[in-house]
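Coordinate inspection notes
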Amino acid sequence: MAFQYVLDQFVSLFVGGLVFGSVYALIALGYTMVYGVLQLINFAHSEVFMFGTFATVWALWLVGADATTAGVALVASLAVAMLIAMITSGGVALLLERVAYRPLLNRGAPRLIALISAIGASFVLSELMGLRGALASALGVDDVLGRYVARSRENLGLPTDRTFTVQFEVLGYGVTNKDIIIVLAALLMMIAADQFIRRTRLGRGIRAVAQDPESASLMGVNSTRVIQLTFLIGGLLAGAAATLYMLQVGLTRYNAGFLLGVKAFTAAVLGGIGNLRGALVGGLVLGVAESLGSGLFGSEWRHVVAFVLLVVILLFRPTGLLGESLGKARA
Amino acid sequence: MSQTTSAPPRRSRRDLLGGLRRRLSGMPRWAQFLLMVAIALLCYVLPLLEPPIISTPGTDFGGVLFTVSVYVLVAVGLNIVVGYAGLLDLGYVGFYAIGAYTVGVLTAQHATWPWLLSLPVALVVTMVSGVLLGWPTLRVRGDYLAIVTLGFGEIVRLTLINSEWLGAARGIRPIPSPPSLPLFEVPHLDWSTGVPLVDFSDTTTFIEFGVTDPIPFYWLALTLIILVLLADKRIKDSRVGRAWEATREDEDAAELMGVPTFRFKLLAFAIGAFVGGIAGSLFATRQTFINPESFTLLISILFLSAVVVGGQGNRWGAVIGAVVVAYLPERFRGFEQWRVLVFGLALMLLAIYRPQGLLPPRRTVRAQRMEAETEALEVGEEPEDAVIAAGGPTPDDAAPTDEGSSRG
């Protein structure tokens with residue numbers, strides 16, 4: 001145990017935790033919204049995120065950003081990359097809903113089988129990404145796609161420069177512009193989602209279906225639409241999270257979604273699944289706790305800290321920190 | 001109504017397995033018993049027969065059968081937790097790992113016990129770990145339980161990786177084999193010419209547990225499976241089994257009827273862990289070395305898929321599901337890089353076309369049929385046709401049969 005180390009590095013660990021926590025929270029929103037509406041663990045949401053990370057890198061290649069890009073050009077190309085990542089992830093999420101869930105809902109399948117379908121979809125999505133080289137050569141287009149499909153099982157790195165300038169210092173730790181961008185962007189996006197659910201007509205539809213699907217449809221809410229919308233919002237946020245994650249970590253891989261997905265779902269449960277603000281709280285708490293824990297016990301215990309925290313919190317608050325469902329959120 | 005009109009083709013598929021079951025239960029008891037014995041014997045000689053089509057080209061058929069039998073054992077154990085008691089457990093691999101590692105620690109890492117002596121200790125340790133996990137966590141319901149158990153599985157694996165005492169990422173080796181008793185040699189069949197020939201140059205020693213020949217391990221696993229299945233039947237048909245079922249369908253109602261639900265859930269956890277421990281110990285002794293890589297969350301998910309694919313709540317369903325999940329990827333090793341993709345697609349298709357699993361429990365089938373009949377009477381159609389629409393028209397109508405395992 002390294003108490004002194006944690007005390008010395010407290011700000012650094014805390015900020016690092018906040019940064020990771022905001023990424024967790026953004027992904028967790030996707031889990032929590034789908035859960036709120038369908039009572040379904042959308043196991044394939046992690047792959048929606050993974051597609052976003054790849055879209056980020058490819059978009060940067062497309063706009064020609066590389067390690068020399070700087071200043072306004074860099075900001076612009078990152079913004080474009082985030083937009084493309086959001087569109088990609090949103091699209092994948094919609095596809096997922098259409099292919100893996102709607103056929104089941106129409107047949108009134110038992111709930112666990114929907115989880116199996118989600119697991120299947122998750123395998124399919126991550127393998128499609130991992131096999132993109134083989135697929136392209138089977139179709140004879142591998143020369144055209146070139147580096148987009150090369151070494152499809154390997155890590156893929158962010159092409160832009162990842163040294164960041166220190167903006168200001170807090171107790172000896174330099175907070176970089178990257179830290180600020182990630183936390184602010186995640187917060188903004190989450191506030192937007194929260195307000196959308198609380199204030200708009202479509203958001204009211206989502207809450208109505210979450211509360212009581214049958215009454216909602218009797219009141220004229222198109223529940224299929226609402227479910228689609230839920231998946232779409234989750235996907236968009238996961239895409240944004242993907243770009244922020246790439247800024248922070250810089251590497252992705254066809255199976256990179258798995259661990260992030262587990263963590264984000266943990267965050268959602270921690271805050272109270274089905275609860276939007278819970279996802280935010282859960283994500284930040286998880287990120288900070290795991291960061292401080294890794295300082296205390298050594299970085300190899302990082303994930304253990306996260307899961308032990310989850311178990312302990314659920315023991316004392318069996319429905320999560322804020323434990324309130326999407327349907328019960330006040331307008 | 002589109003469901004009822006498009007129904008006939010689905011019905012014939014359902015009847016393939018269902019009809020077989022009806023014919024089976026119509027047979028006299030002695031005939032059922034003889035059939036079971038015949039099937040069991042066939043399973044025992046399967047690795048010696050190496051029948052074409054079924055046998056796996058490229059990989060050792062005996063080894064594949066052993067892997068399949070470990071999955072079967074795990075699926076039967078997990079079926080008690082998920083299928084009977086309705087507790088969604090995503091961390092079952094934790095118990096499997098604890099079983100394997102207890103054997104590893106006692107026989108190789110910190111002591112040199114014989115395997116047979118370490119087995120009961122491993123089983124006790126896994127059972128205790130089941131109780132220790134269940135005691136605090138079983139108060140949490142539904143999907144929260146799923147995520148807590150998932151956390152438990154990951155904690156076990158990460159602890160194994162990080163703990164030097166348990167061999168860290170290198171794992172533990174060499175784990176000894178069970179004691180051998182070489183009695184006689186059994187020849188294999190050779191199909192290379194198209195007709196089966198007895199091949200005396202390729203034999204398996206009965207019973208010698210060696211590194212080269214996995215078949216005796218398979219026999220051992222098969223024997224344990226039969227014992228576990230017998231015990232499973234006795235428990236399911238007893239008061240305990242009924243208590244589990246009541247708890248699964250409606251926990252509050254069960255509690256009101258005087259079922260101490262917590263105690264029975266804990267029992268389900270402990271028994272499930274016990275069976276997982278058996279599977280883990282077998283796995284350890286066959287592999288001769290274990291490391292944390294073999295106990296990932298993905299394996300947990302495969303275990304759960306086996307139970308759900310087969311039809312949760314039915315022990316034969318769990319067996320079939322495990323065979324599907326473990327055997328198919330091995331059979332199609334030729335398509336190495338595509339097999340995970342195909343497995344994922346298969347899971348999705350199965351979820352859509354066979355949502356109750358390949359072999360759903362009899363009671364579910366019966367309840368569905370009655371429901372469909374009522375439904376058909378209400379809309380004034382032939383009840384016969386409606387049987388097929390038995391996915392349950394809406395989730396709410398299906399509620400009594402819905403394996404409400406994750407009801408919050």
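Residues numbered from 1 in each chain as written. Chains lettered and ligands numbered in written order. Predicted model: local features only at pLDDT ≥ 70, side-chain atom pairs only at ≥ 80, totals over all residues.

Quick look at the overall build of chain A
Check the secondary structure of chain A and you find 14 helices and 4 strands. Taken over C-alpha atoms, the radius of gyration comes to 20 Å for chain A, in line with the 20 Å a tight globule of 331 residues would show. Projected onto its principal axes, the C-alpha coordinates of chain A cover approximately 60 × 55 × 35 Å. For chain A, the proportion of contacts with a sequence separation of at least 24, taken over those separated by at least 6, is 76%. (Helix = DSSP H or I, 4+ residues; strand = E, 2+ residues; numbered from the N terminus. Rg over C-alpha atoms; globule rule 2.2 N^0.38 Å. Contact = placed C-beta atoms within 7 Å.)

A look at the overall build of chain B
Broken down by element type, chain B carries 16 helices and 2 strands. In chain B, which comprises 408 residues, the share counted as buried stands at 47%. Expressed as a percentage of contacts within chain B between residues at least 6 apart in sequence, the contacts between residues at least 24 apart total 75%. (Buried ≥ 20, exposed ≤ 12 C-beta atoms within 10 Å, placed from the backbone.)

Quick look at the interface of chain B and chain A
Contact residues are listed per partner, giving 40 residues for chain B and 37 residues for chain A. Only helix H7 (142-162), helix H12 (297-310) and helix H14 (339-353) of chain B provide two or more residues apiece to the side of chain B that touches chain A. Per element, the largest residue contribution to the side of chain B that touches chain A is 10 residues, and it comes from H7 of chain B. Tallied by class, the residues present in the side of chain B that touches chain A amount to 23 nonpolar, 12 polar and 5 charged. (Nonpolar A, V, L, I, M, F, W, Y, C, P; charged D, E, K, R; others polar.)

Remarks on the domain arrangement of chain B
Residues and elements named next belong to chain B. Its domain assignment divides chain B into domain 1 (1-49 + 361-402) and domain 2 (54-180 + 204-337). Facing the 8 residues of domain 1 at the interface are 12 residues of domain 2. At 6 residues, the largest contribution of residues to the side of domain 1 that touches domain 2 is made by helix H3 (residues 29-49). Classifying every residue of the side of domain 1 that touches domain 2 gives 7 nonpolar, 1 polar and no charged. (Domains from an automatic or database assignment.)

Observations concerning the confidence of the model for chain B
Residue and element names in this part refer to chain B. Looking at chain B, the pLDDT average stands at 80 and 87% of residues meet or exceed 70. Scored below 50 in pLDDT, residues 1-12 makes 11 contacts in the model with residues more than four places away or belonging to other chains. Low pLDDT (under 50) marks residues 383-408, which in the prediction has 72 contacts with non-local residues, meaning those over four places away or in another chain. As scored by the predictor, the complex reaches a pTM of 0.79 and an ipTM of 0.84. (pLDDT = per-residue confidence, 0-100.)

With respect to unusual backbone geometry
Across the junction of Arg-173 of chain B and Pro-174 of chain B, the peptide omega takes the value -10 degrees, indicating a cis bond. Not every positive phi belongs to a glycine, and Gln-39 of chain A is a case in point at roughly 50 degrees. Mapped onto the fold, Gln-39 of chain A is located in the loop between helix H2 (10-38) and helix H3 (45-62). A positive phi angle is found at Thr-288 of chain B, which is not glycine, with a value near 65 degrees.

Quick notes on the nonpolar core
Formed by 218 residues in total, the largest nonpolar core has its most connected members in Ala-25, Leu-26 and Ala-241 of chain A together with Leu-73, Ala-75, Ala-268 and Ala-322 of chain B. Contacts of Ala-322 of chain B, omitting those with residues within four sequence positions, involve Val-68, Tyr-71, Val-72, Ala-75, Ala-306 and Gly-310 of chain B. (Core = buried A, V, L, I, M, F, W, Y, C linked by C-beta atoms within 7 Å.)

Section: the packing of helix H12 (residues 257-271) of chain A against helix H13 (residues 276-297) of chain A
All names here are of chain A. Direction vectors running N to C along H12 and H13 enclose 120 degrees, while the axes themselves pass 7 Å from each other. Taken together, the axis directions place H12 and H13 in an arrangement best described as oblique. In the crossing of H12 with H13, the sense of the turn from one axis to the other is right-handed. Residues Lys-263, Thr-266, Ala-267, Ala-268, Leu-270 and Gly-271 of H12 pack against Gly-278, Ala-279, Leu-280, Val-281, Gly-282, Gly-283, Val-285 and Leu-286 of H13. (Axes fitted to C-alpha atoms, helices over the stretch in contact; angles between N-to-C directions. Parallel < 35°, antiparallel > 145°, perpendicular 65-115°, else oblique. Left-handed = near helix turned anticlockwise from the far one by under 90°.)

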